[in-house]
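# Per-entry structural report
The chain contents come next:
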Amino acid sequence: TSFFLFLPISIFVAHVLYNSDSINLSSFGRTAIISCATFFLIICGHATYTRNAVWATEETLWNDVIRKAPNSARAAHNLGRWYRQFGQYRHAYYFFQLAYQNSNTAASPEMSKKAALNGLASVSYMLGDYKHSLQYFDQCLKIDENDEACLKNRALAYLQLGQPQQALIDTDQLIQEYPLIPEYQYLASVSAYKTGNYELALTQIQKIVGRSLEHHQAMYLTGILLMENGAYPNSLFFLKQADNILPNTIKYQLALAAAYYGNNQTETTELILHHIVEQHSLSVIQEGLQDVEKDTLDKKTISFLKHSMAEMINEDFQFFTPQ
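Here goes a summary of the coordinates provided.

How each quantity is defined
- Residues numbered from 1 in each chain as written.
- Predicted model: local features only at pLDDT ≥ 70, side-chain atom pairs only at ≥ 80, totals over all residues.
- Heavy atoms only, no water.
- Helix = DSSP H or I, 4+ residues; strand = E, 2+ residues; numbered from the N terminus.
- Buried < 20%, exposed > 50% of the residue type's maximum accessible area, 1.4 Å probe, protein only.
- Contact = heavy atoms within 4.5 Å.
- Areas by Shrake-Rupley, 256 points an atom, 1.4 Å probe, with all protein chains shown as cover.
- Expected span 1.5 Å × (residues − 1).
- Phe/Tyr/Trp six-rings, centres within 6.5 Å; stacked < 30°, edge-to-face > 60°.

### Here's the deal with the overall build of the protein chain
In terms of regular secondary structure, the protein chain is built from 17 helices and zero strands. By the burial criterion, 39% of the 323 residues in the protein chain qualify as buried. Here the analysis covers contacts within the protein chain between residues at least 6 apart in sequence; of these, 51% occur between residues at least 24 apart. Per element, the accessible surface of the protein chain, about 18,200 Å² overall, is 55% carbon and sulfur.

### Notes on helix α4 (residues 73-85)
Here α4 spans 18 Å end to end across 13 residues, near enough to the 18 Å set by a 1.5 Å rise per residue. Along α4, the residues that are buried comprise Ala73, Ala75, Ala76, His77, Asn78, Leu79, Gly80, Trp82 and Tyr83. Once α4 ends, the next one or two residues include Gly87, with phi positive near 75°.

### So, the packing of aromatic side chains
Two descriptors summarise a pair of aromatic rings, namely the distance from one centre to the other and the angle between the planes of the rings. The tally for this structure, following the rule as stated, stands at 11 aromatic pairs. Considering the side-chain rings of Trp82 and Phe86, the 4.5 Å spacing of their centres and the 40° angle between planes classify their relative orientation as tilted. Each member of the aromatic cluster is reached from another via a ring pair, and the members are Trp82, Tyr83, Phe86, Tyr94 and Phe95.

### Some thoughts on the environment of Ala99
Structurally, the position occupied by Ala99 is in helix α5 (residues 89-101). On the basis of relative accessible area, Ala99 is assigned to the buried category, the value being 1%. In contact with Ala99, not counting residues within four places along its chain, are Ala73, Ala76, His77, Ser112 and Ala116.

### Details of unusual backbone geometry
If you check the backbone angles, Asn248 has positive phi at about 65° while not being a glycine. Residue placement: Asn248 occurs in the loop between α13 (232-245) and α14 (250-262). We classify Asn248 as partly exposed; its relative accessible area is 42%. At Asn264, a position not held by glycine, the phi torsion is positive, near 65°. If you trace the backbone, Asn264 turns up in the loop between α14 and α15 (266-279).

Nothing here speaks to function; it is all geometry.
Right, here's the structure in full:
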């Protein structure tokens, strides 16, 4: 549209400049026209520069909107999302709160309120405040008991709080609504496993495995479940697959070592443990051991892994490479 604004102005100015003999204008008149056109271009250029600065990032864009419309729930929500994406959780929390406060003035107040509550809950979750996260998810689901994002995220919060039975209720609801989404089947399997219901956990995870062997988390969990049942050769297949998909993941490598140990392949177990000690720092190894210990009830195997790696680090310290 701006093309049709500037085109006639440009034609007029060019006509004045190049057809001065046929136009009965004084030199002052021509100078005035050229000066006005130049001034107009400078003003437009400055406006374009200023507008480009506003549009430089989503942050600058939505901050500009907030300045001009401080009661905009949409602008506050989008700023919250931007800050959350870049790990600035305190800023994100503030703007999600603002979005919630302004939600009644939004075009769709209910949707705006749900989105703001989900944002507040997700930021609380990322800050490790799972109890407050759960409260926000509960409020979100009072507005819409079938809200997909809130159900999924509340299940995650329940798992973090050690309430897998509650998580299982939410994942069951998700699977009823969305039976073909692997992420929800995986969550259901984890929840069932944490409650000690290995049969249900295997049933859910097999739905993913039956369609694809590329879901590394499903491969890992299947391996753990089979290891719990003493099916070490089968467990090795799935844990190798997880390690192939996402190499050098400490948890997958430790689980693979545990499966080889359970299968009485001690030499291979020690080779994997040497590789782990060579590749990872002590803090990473400790975190990995804690993760695997949470995922398996085989205390004897965990004890063996800890003892073996402690000996390797103490006997041959060059294997330990700080990161």
